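Residue-level structure breakdown
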Amino acid sequence: MYSHQNKNSPKIVVFGSCSVDFTTYAPRLPNPGETLHGTKFTTSYGGKGANQCVAAAKLGGNAYMICRVGDDQWGEKYRNHLKETGVDVSHVYITPNVTTGIAQISVADNGENQIVIVLGANGHLSKKDAADSHELIKSADVFIGQLETPFEATLEAFKINEGIKLLNAAPARSDIQEILPYCTILCLNEFEASMLTNLNVNLENAVDALNKLLSAGCQTVIITLGSKGAVYASKDEPPTHVFCEPVTAVDTTGAGDAFVGALATFLLSHKDLPMHQKIGAACEVASISVTKEGTQTSYPTNYTPFIKQY
Ligand code: ADP
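Every chain is numbered on its own, with residues counted from 1 as its sequence reads. For a predicted model such as this one, the threshold for reporting local features is a pLDDT of at least 70, and the threshold for listing and counting side-chain atom pairs is 80 or more; totals across whole chains, interfaces and linings nevertheless cover every residue. Excluded from the side-chain calculation are hydrogens and water; included are all heavy atoms of the structure.

A few points about the nonpolar core
We define a nonpolar core as any set of buried Ala, Val, Leu, Ile, Met, Phe, Trp, Tyr and Cys residues linked to one another through side-chain atoms lying within 4.5 Å. For every residue, the accessible area obtained with a 1.4 Å probe (protein chains only) is divided by the maximum for its type, and the residue is called buried under 20%, exposed over 50%, and partly exposed between those limits. The biggest cluster of nonpolar side chains holds 49 residues, and the ones touching the most others in it are M65, L82, I222, F259 and I279. Ranked by the residues each element gives to this core, the list is headed by helix α8 (residues 255–269), at nine residues. The contact definition used throughout considers only heavy atoms, calling two residues in contact when any of these lie within 4.5 Å. Sequence-distant contacts of L82, defined by excluding residues within four places in its chain, comprise A50, V54, M65, V87, V89 and V92. Of all hydrophobic cores here, the second largest spans 40 residues; its members include V13, A130, L155 and L225. Elements are defined by DSSP. Helices are runs of H or I of four residues or more, strands are runs of E of two residues or more, and each kind is numbered from the N terminus.

And the structure:
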């Protein structure tokens, strides 16, 4: 158990996916139709929602997970795993006759990855689940959603929450304009930002994407840039580039999720820090995660932001 849940401390509530990752490691990614010999196989807990929730819990956040698992062997195992990690699992629902979501991940020696997802129970997370979890969603100090579960349910939940609403617009989609005015913070990577803005987003032209997404109604927009850190802008803060210390990347799977979970934690635990320092600290947590294989297992515990000028 990593966190010490205290019902009175501010709540981070994640509404979204949990899936089991079946990961193969190989010298390089296979081409279409090609069979490659891998060097290792692991089974681990993943899914963007649960990754973000676990990242927050491992950093000491008071984290709650609202999700659906199947009634197969993985559903119960996943629920127990979340509980052992310190996550509140009272809103982990079981869907009968459906498999728990899975992700098939390939990781190359250079850290690149390729992922196929089967939604399973994640596809059943519904507007009714949002309504049934009304009290918890409403009272969340930071409420996090992603796009691996049905969009209409996430939208419904964003309408209920009265705290900081953090949307991680992943995987990439172009048709989520309706939720943007509800986003206190929109967080996405370059590829997702390109898809959503119809611009070819990179560090040099990220300002155009930031402005477009602010105009669409988000209060703050953060675009993560892999090893280049992140850029962000708010309604009242100009675009700023937050750098990231160079590291040797071993496995970048789930780096964005580490970033989101860490940011949620620091938004509450380091309220008084300026935004660029919270983002810098979240970058640091995410860059620690890419130095290790695995997803949730690569997320650090007991990290305290080192206050410096990013
Ligand atoms: P995603 O995992 O969603 O594709 P990014 O690749 O933008 O998102 O990574 C998210 C964050 O993880 C970055 O902002 C950075 O802090 C960290 N990160 C990712 N890749 C690296 C890397 N190669 N070196 C250092 N940090 C990294």
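Structural notes on the site of the ligand
If even one non-hydrogen atom of a residue comes within 4 Å of a molecule or strand, that residue is called near it. Contacts to the ligand come from 15 residues, most closely from N189, T224, G226, G229 and G256. In the analysis that follows, any N or O atom pair within 3.5 Å is treated as a polar contact, provided that within protein one partner can donate a hydrogen and the other can accept it, and provided that, for residues neighboring in sequence, both atoms belong to side chains. Here C283 contributes a backbone N or O atom positioned 3.2 Å from an oxygen atom of the ligand. When isolated, the ligand has an accessible area of 550 Å², and the protein chains bury 83% of it. Cavities and pockets were defined on a 1 Å grid built over protein atoms only: a cavity is a set of grid points that admits a 1.4 Å probe from which the probe cannot escape, a pocket is an open set flanked by protein on both sides within 12 Å along at least five of seven lines, and lining residues are those with an atom within 4 Å of any such point. To decide whether a molecule occupies a pocket or cavity, check its atoms: if more than half lie within 2 Å of the grid points, it is inside. Here the ligand occupies the largest pocket. Mapped by element, the contributors of at least two residues to the shell around the ligand are α8 and α9 (275–289). With three residues, α9 is the largest single contributor of residues to the shell around the ligand. Of the residues in the shell around the ligand, the class split is eight nonpolar, seven polar and no charged. Residue-level accessible areas treat just the shown protein chains as cover; the underlying method is Shrake-Rupley with a 1.4 Å probe. Under the convention adopted here, Pro, Cys and the residues Ala, Val, Leu, Ile, Met, Phe, Trp and Tyr are nonpolar, Asp, Glu, Lys and Arg are charged, and Gly plus all remaining residues are polar.

Some words on a nonpolar patch on the surface
Residues qualify for a patch when their relative accessible area is over 30% and they have no salt bridge, like charges being joined within 9 Å and the nonpolar side chains of Val, Leu, Ile, Met, Phe, Trp and Tyr within 5 Å. Should a side-chain nitrogen of Lys or Arg be within 4 Å of a carboxyl oxygen of Asp or Glu, the pair is scored as a salt bridge. Nonpolar side chains collect at one region of the surface, where I115, I117 and L119 lie side by side and expose about 240 Å² of accessible area between them. Topologically, L119 is positioned in the loop between β7 (113–118) and α3 (127–132). On the basis of relative accessibility, which here comes to 39%, the residue L119 falls in the partly exposed class.

Section: the pattern of salt bridges
Taken as a whole, this structure holds six salt bridges when the rule is applied. We note a salt bridge from E293 to K40, for which the minimum N-O separation is 2.4 Å. Separated by 253 residues along the polypeptide, E293 in the segment after α9 and K40 in strand β3 (residues 40–46) bring together distant segments of the chain. Taking relative accessible area as the criterion, E293 reaches 35% and is therefore assigned partly exposed.

What to know about the environment of R68
Within the fold, R68 resides in strand β4 (residues 62–70). Given a relative accessible area of 15%, R68 falls into the buried group. At 3.5 Å, the side chain of R68 and the backbone oxygen of I94 are in polar contact.

So, the sheet that holds strand β5 (residues 88–95)
One key point about sheets: their strands pair by backbone hydrogen bonds, in either a parallel or an antiparallel sense. Here the rule is simple: two strands pair whenever DSSP picks up at least two bridges between them. Here we have nine strands laid out as an open sheet, ordered β5-β4-β1-β8-β9-β10-β11-β12-β13, and mixed in their pairing. The open sheet is flanked by β5 and β13 (237–242), the only strands paired with a single partner. Strand-to-strand, the axes of this sheet are offset by a mean angle of 15°, without reference to chain direction. Note that strand β1 (residues 11–15) and strand β8 (residues 142–145) share four bridges and pair parallel. Across the sheet, residue V13 finds its bridge partner in β8, namely F143. The axes used here are C-alpha line fits, helices contributing only the stretch in contact, and every angle between their N-to-C directions lies in the interval 0 to 180 degrees. Contacts from helix α7 (residues 206–215) reach β10 (185–189), β11 (220–224), β12 (230–234) and β13 within the one sheet, and its direction differs from that of β11 by about 145°.

Considerations on the confidence of the model for the protein
Per-residue confidence from the predictor is reported as pLDDT, a score between 0 and 100. Mean pLDDT over the protein stands at 94; residues scoring 70 or higher make up 96%. Across the interfaces of the predicted complex, the ipTM metric reaches 0.99, alongside a pTM of 0.93.

Thoughts on the sheet that holds β3
Taken in spatial order, the four strands make up an open sheet running β3-β2-β6-β7, and their pairing is mixed. The outermost strands of the open sheet, each flanked by one partner alone, are β3 and β7. Between one strand and the next, the sheet's axes are offset by a mean angle of 20°, whatever the strand orientation. Strand direction decides the pairing type here: strand β2 (residues 19–26) and β3, joined by seven bridges, are antiparallel. In the strand pairing of β3, T23 is matched with T42. Across the sheet, helix α2 (residues 73–84) is in contact with β2 and β3; its angle to β3 comes to roughly 70°.

Examining the environment of L267
Here L267 shows up in helix α8. Taking the relative accessible area as the measure of exposure, L267 reaches 8% and is therefore buried. For the pair L267 and I164, spaced 103 residues apart in sequence, the C-alpha separation works out to 8.9 Å. Leave out the neighbours within four places in its chain, and L267 touches V142, I164, I185, M275 and K278.

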